[in-house]
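Secondary and tertiary structure notes
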There are 2 protein chains.
Amino acid sequence: MDNKAIQEQRMREYFIQATREILKGEGLRGISVRNIASKAGYSYATLYNYFKDVKELIFECVQDFQDECEEMVQSEIQNTPQGLERIKAITMAYMKYFIQYQGIFELFFLEGVVDMSGKKPTIELIVTFLDRLCESDWEYCISQNQLTKEQAEIHKAELRYVAPGLLLFYLNRKHPESYNEFKALSERQLNFILKN
Amino acid sequence: MDNKAIQEQRMREYFIQATREILKGEGLRGISVRNIASKAGYSYATLYNYFKDVKELIFECVQDFQDECEEMVQSEIQNTPQGLERIKAITMAYMKYFIQYQGIFELFFLEGVVDMSGKKPTIELIVTFLDRLCESDWEYCISQNQLTKEQAEIHKAELRYVAPGLLLFYLNRKHPESYNEFKALSERQLNFILKN
DNA sequence: TAATTATATTAACACTGTTAATTATATTGT
DNA sequence: ACAATATAATTAACAGTGTTAATATAATTA
C-alpha cells in the first residue's frame, strides 16, 4: 500500500538518477536502456516495471535540470539591476547552461516525442521555462511603464524562439565556430530585441 | 576513367533519389540503410561502395531540397512588392515548406553531425539558406535607405534564428497546437522584427 | 577463352528498444 | 515455522539499427 508506493518511487529515483548522470556526461547519444539499468544496478528489463518506455524516463529528468539551470542563472545575475538588463543576463546564462550541457539541450528541444500522452505537462514546462525565469522582470518593466503588456508579450516570445534558434545553430551546426563569436552574436541580437 | 566516373555518379544518384523519396515521405525516422538500398534496388552493403556512411548520403539531399523549397517560395511571393514585405512573405513560405516536409526540417537543423569532415559546405548551405532567399530584398531595403547595412545584418540574423526556433517549438513540441495559431504567432513576431 | 579486376551480395558483429517466459524474492495464511 | 501465493528481477528472444569482412558474381583485359 503506502510502503509499496515509497519503494516504487525509490526505484524510479535510482533509474532517474542514472539517466541524469548519463545525460550530463555523454549526452543523449550515451543513453540506452541497458546503459541506464547497468548504472542503476539493475537489469535492463527491470526498468520496464517502473517506466512504460525509455522516453518517459528521460523526460522525468526535465524538472531536475530546470532546477539546476535556474540555480546557475540565479548565481550569475546576482548584481544585475532589475528589468531589461536582467532579462538579457538571464537569457545569456540560460543559453550558457545548455552549452555547458549539450545533452540537456537535446533533451529539452531536439528529442522527438511520438505519443504526447502524459508528457504534455513536461512539454509545457520546457516551452515556458525561459518565460518563467524572466517573469518578475517582465512584470517590473510593465509596472515601470517601459513596456505595455502586449509589447512585453512579443518581446518574451522573441526571446523564447531566438534563444533555442541560436543554440540550435551553434551546437548542432557549429555556427558560429567559436564560443566568443556566439556570445557576441547573441548579445547583439538580444540588444536588438530588448531595445525596442 | 571517365566512364567509371559517370557510372559511379549514376549509382550515387540512385541512392540519393531513394533517400529523397523516403525523407519526403516517412521523414528521417523512415531512413535506414537497408530501406534506402532496397528502394534503390541494391543490397545494403553496396551503398558503402559509394558513400562512406549513411549521413554523407542523406546530407547529399540538402541541395535538392533547397532548390525545391526555393521554387515553392518563388511561386508564393509572385505578386508581393519588393522589400520588407517580401522578406516577410519569403520567411513565411520558407517555414511553410518545412512544415509540409517535417523530415526535411529534421535533416536541415536537427540531424546531428559527429565529424564535420566534408560536410562543411553543406552546413554552410543550410545556415545561409534563408539569407540567400532574401538577399536581393535586403539589398533593396539598403538601397532605399530603409535600413543601414548594419541594421540589415541584425534583422537578417534575427530571422535566421527565429524561424528555426518557431519551427522547432511547433514541429517538435507541438507549441502552439494548431497551424493557424502558429501562423498568427509567426506573423506577429516577423512584424516586430521587420518594423524596426 | 582464361586470368584478373571490379562490383554486388550474404554473413556476421555489436548495438538498439521492447516483450515473454523464467527464476528468485518477499508476503501472506495456516 | 512452513507451504502457498503474489511480487519483482532476470535471462532469452525478437526485430530492428549501422557497419565491415568474406564471399560470390559480373565485367574487363590479356
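Values in this document were obtained by computation on a predicted structure and should not be read as measured data.

Time to look at the protein's contact with DNA strand C. In the vicinity of DNA strand C lie 19 residues, with Val 33 and Tyr 48 of chain A together with Ser 43, Thr 46 and Tyr 50 of chain B positioned nearest. In the interface set of DNA strand C, defined as its atoms within 4 Å of the protein, sugar plus phosphate atoms amount to 53%. Within the contact set of DNA strand C, a phosphate oxygen lies 3.1 Å away from a side-chain nitrogen or oxygen of Ser 32 of chain A. In this structure, Val 54 of chain A approaches DNA strand C through a main-chain N or O atom, which is 3.2 Å from a phosphate oxygen. Along the lines of polarity and charge, the residues of the surface near DNA strand C split into 11 nonpolar, four polar and four charged.

Both copies of the chain are related through a single rotation about an axis accompanied by a shift along the same axis. Between the two copies, chain A and chain B, the superposition gives an RMSD of 0.1 Å; the rotation angle is 180 degrees and the shift along the axis is 0.0 Å. Taken together, the rotation and translation describe the operation of a two-fold axis. Residue by residue, 100% of the interface of chain A is reproduced at the interface of chain B, so both copies engage with the same surface.

Our next topic: the packing of aromatic side chains. Tallying each qualifying case throughout the model produces 34 aromatic pairs over all chains. A centroid spacing of 4.7 Å and a plane angle of 25 degrees characterise the contact between Tyr 170 of chain B and Phe 182 of chain B, whose relative ring orientation is stacked. One end of the pair, Tyr 170 of chain B, is in helix α9 (residues 149-173); the other, Phe 182 of chain B, is in helix α10 (residues 179-195), and 12 residues separate them in sequence. Seen from their ring centres, Tyr 179 of chain B and Phe 182 of chain B are 6.2 Å apart, and the 25 degrees between their planes marks the pair as stacked. Here Tyr 179 of chain B and its partner Phe 182 of chain B are both found in helix α10, three residues apart, which amounts to about one turn of the helix. Judged by its relative accessible area of 30%, Tyr 179 of chain B is partly exposed. Pairwise contacts between aromatic rings join Tyr 94, Tyr 97, Phe 98, Tyr 101, Phe 105, Phe 108, Phe 109, Phe 129 and Tyr 161 of chain A together with Phe 169 of chain B into one cluster. Against the face of Tyr 44 of chain A rests Arg 34 of chain A, its NZ or CZ located 4.5 Å from the ring centre.

Residue and element names in this part refer to chain A. The end-to-end C-alpha distance of helix α8 (residues 129-143) is 22 Å, a good match for the 21 Å that 15 residues give at a rise of 1.5 Å each. Along α8, the sharpest kink reaches roughly 55 degrees, centred on Glu 135. Along its buried surface, α8 packs onto α4 (62-76), α5 (84-100), α6 (102-110), α7 (120-127), α9 (149-173) and α10 (179-195). Remark: Asn 145 follows α8 within two positions and exhibits a positive phi of approximately 60 degrees.

Moving on to the interface of chain A and chain B. Contacts between the two partners involve 38 residues from chain A, matched on the other side by 38 residues from chain B. When the buried area of chain A at its contact with chain B is split by residue, Tyr 161, Phe 169 and Arg 173 of chain A rank highest and sum to 25% of it. Our count for the chain A to chain B interface comes out at zero salt bridges. Linking chain A to chain B there are 14 residue pairs in polar contact (both at pLDDT 80 or more). Elements represented by at least two residues in the side of chain A that touches chain B include exactly α6, α7, α9 and α10 of chain A. Residues of the side of chain A that touches chain B, tallied by class, amount to 21 nonpolar, seven polar and 10 charged.

Let's shift gears to the protein's contact with DNA strand D. Every one of the 19 residues lining DNA strand D counts as a neighbour, but Ser 43, Thr 46 and Tyr 50 of chain A together with Val 33 and Tyr 48 of chain B are closest to it. Here DNA strand D approaches the protein such that, of its atoms within 4 Å, sugar and phosphate make up 53%. Within the side chain of Tyr 50 of chain A, an N or O atom sits 2.5 Å from a phosphate oxygen of DNA strand D. Put simply, the parts of the chain that give the surface near DNA strand D at least two residues each are α1 (2-25) of chain A together with α2 (33-40) of chain B. Considered class by class, the residues forming the surface near DNA strand D number 11 nonpolar, four polar and four charged.

A cis geometry characterises the amide bond from His 175 of chain A onward to Pro 176 of chain A, with omega recorded as 0 degrees. Considering the arrangement of structural elements, one finds Pro 176 of chain A in the loop between α9 and α10.

Residue and element names in this part refer to chain A. Entries for chain A in the domain assignment read domain 1 (2-59) and domain 2 (62-195). With centres defined by C-alpha atoms, the gap from domain 1 to domain 2 works out at 28 Å. Here domain 1 and domain 2 share an interface that buries about 1,400 Å² over both sides, 62% of which is from carbon and sulfur atoms. In this assembly, domain 1 and domain 2 are joined by four salt bridges. Here Lys 24 makes a salt bridge to Glu 68, at a shortest N to O gap of 2.5 Å. Viewed at the interface, domain 2 and domain 1 are joined by four residue pairs in polar contact (both at pLDDT 80 or more).

What counts, and where the lines are drawn
Residues numbered from 1 in each chain as written. Chains lettered and ligands numbered in written order. Predicted model: local features only at pLDDT ≥ 70, side-chain atom pairs only at ≥ 80, totals over all residues. Heavy atoms only, no water. Near = heavy atom within 4 Å. Polar contact = N/O pair within 3.5 Å; in protein donor to acceptor, adjacent residues only side chain to side chain. Nonpolar A, V, L, I, M, F, W, Y, C, P; charged D, E, K, R; others polar. Least-squares fit on C-alpha atoms with pLDDT ≥ 70 in both. Contact = heavy atoms within 4.5 Å. Phe/Tyr/Trp six-rings, centres within 6.5 Å; stacked < 30°, edge-to-face > 60°. Helix = DSSP H or I, 4+ residues; strand = E, 2+ residues; numbered from the N terminus. Buried < 20%, exposed > 50% of the residue type's maximum accessible area, 1.4 Å probe, protein only. Lys NZ or Arg CZ within 6 Å of the ring centre and 35° of its normal. Expected span 1.5 Å × (residues − 1). Bend = angle between axes of the 7 residues up to and from the residue. Buried area = accessible area lost by both parts, 1.4 Å probe. Salt bridge = Lys/Arg side-chain N within 4 Å of Asp/Glu carboxyl O. Domains from an automatic or database assignment.

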